[in-house]
Amino acid sequence: MTMIATLTGQIQEKLIDSIVLDVRGVGYGLLVPGETYSKFNIGDPAKIYVYEHIRENTFDLYGFSELAAKELFIKLINVNGVGPKVALSILSIGSVNGVSQAIASGNVKLIQTANGVGKKVAERILIELKDKVGIISSVDESSLLIGDDAAMQDEAVQALVALGYSVADAIMALKPIEKDLSTKERVTLALKH
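None of the values given here were measured: they were computed from a predicted structure. (Residues numbered from 1 in each chain as written. Predicted model: local features only at pLDDT ≥ 70, side-chain atom pairs only at ≥ 80, totals over all residues. Heavy atoms only, no water.)

Here we look at helix α3 (residues 84-91)
Counting buried residues along α3, 7 of its 8 residues qualify, which places the element largely inside the surrounding structure. The complete set of buried residues in α3 reads P84, V86, A87, L88, S89, I90 and L91. Structurally, α3 contributes buried residues whose contacts are with β3 (26-31), β4 (45-54), β5 (59-64), α2 (67-77), α4 (96-104) and α6 (119-129). (Buried < 20%, exposed > 50% of the residue type's maximum accessible area, 1.4 Å probe, protein only. Helix = DSSP H or I, 4+ residues; strand = E, 2+ residues; numbered from the N terminus. Contact = heavy atoms within 4.5 Å.)

Re the side chain of S18
Of note, S18 is situated in strand β2 (residues 18-23). If sequence neighbours within four positions are ignored, S18 has contacts with L30, L31, V32 and Y37.

A closer look at the pairing of β5
Consecutive residues of a regular strand have side chains that alternate between opposite faces of the sheet. In this structure, β4 lies alongside β5, joined through 6 bridges in antiparallel fashion. Bridge pairing in β5 places H53 opposite D60. A loop of 4 residues connects β4 with β5, the two strands running antiparallel in sequence. (Pairing = 2+ DSSP bridges.)

Examining the packing of α2 against α3
For the pair α2 and α3, interaxial distance at closest approach is 9 Å and the crossing angle is 130°. Taken together, the axis directions place α2 and α3 in an arrangement best described as oblique. Regarding α2 and α3, the two cross each other, and that crossing is right-handed. Side by side, α2 and α3 meet where A69, L72, F73, L76 and I77 of the first sit next to P84, A87, L88, I90 and L91 of the second. Within the contact of α2 with α3, the residues separate by chemical class into 10 nonpolar, no polar and no charged. (Axes fitted to C-alpha atoms, helices over the stretch in contact; angles between N-to-C directions. Parallel < 35°, antiparallel > 145°, perpendicular 65-115°, else oblique. Left-handed = near helix turned anticlockwise from the far one by under 90°. Nonpolar A, V, L, I, M, F, W, Y, C, P; charged D, E, K, R; others polar.)

Just geometry here; none of it tells us what the structure is for.
What follows is the structure in structure tokens.
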């Protein structure tokens, strides 16, 4: 059993791939996926679901803004060849629903867009987790698009992902913009919004 299941406090700092959560004067450094990172600003109150990764030389805390993300993270790290950092990278390609949809639908290409994930690891994830990921029934339209090959073929989506956006954020940023415009115009407008 883990010692820390959740932490509730205030976002004190946002670093490159982590946040510092101040809980009554103690700052907890939490490695977080993109969706959790972008959800909070410095000073925001937050309840974070925590996964403790304890090994001989390391003691890392992984944080998630929702329980479903933590549960999917645990499923991912139980796949042979997927460590916590790779699992975090996979969760950063989109929403929990979007990643679950990609796994359930066998979308190898989307899973491969995560840093550190090759074709063999992506295929192993799909084989082992395809029947274990429960798709939440309240999947919104943008989450379904994440698992869609057409969205990944969109050059504007690819450009925003190359700039560091998650697939989900790229799709959401482009959603209100007319598809008739050039890729450059769509990306420019998405960045402005």
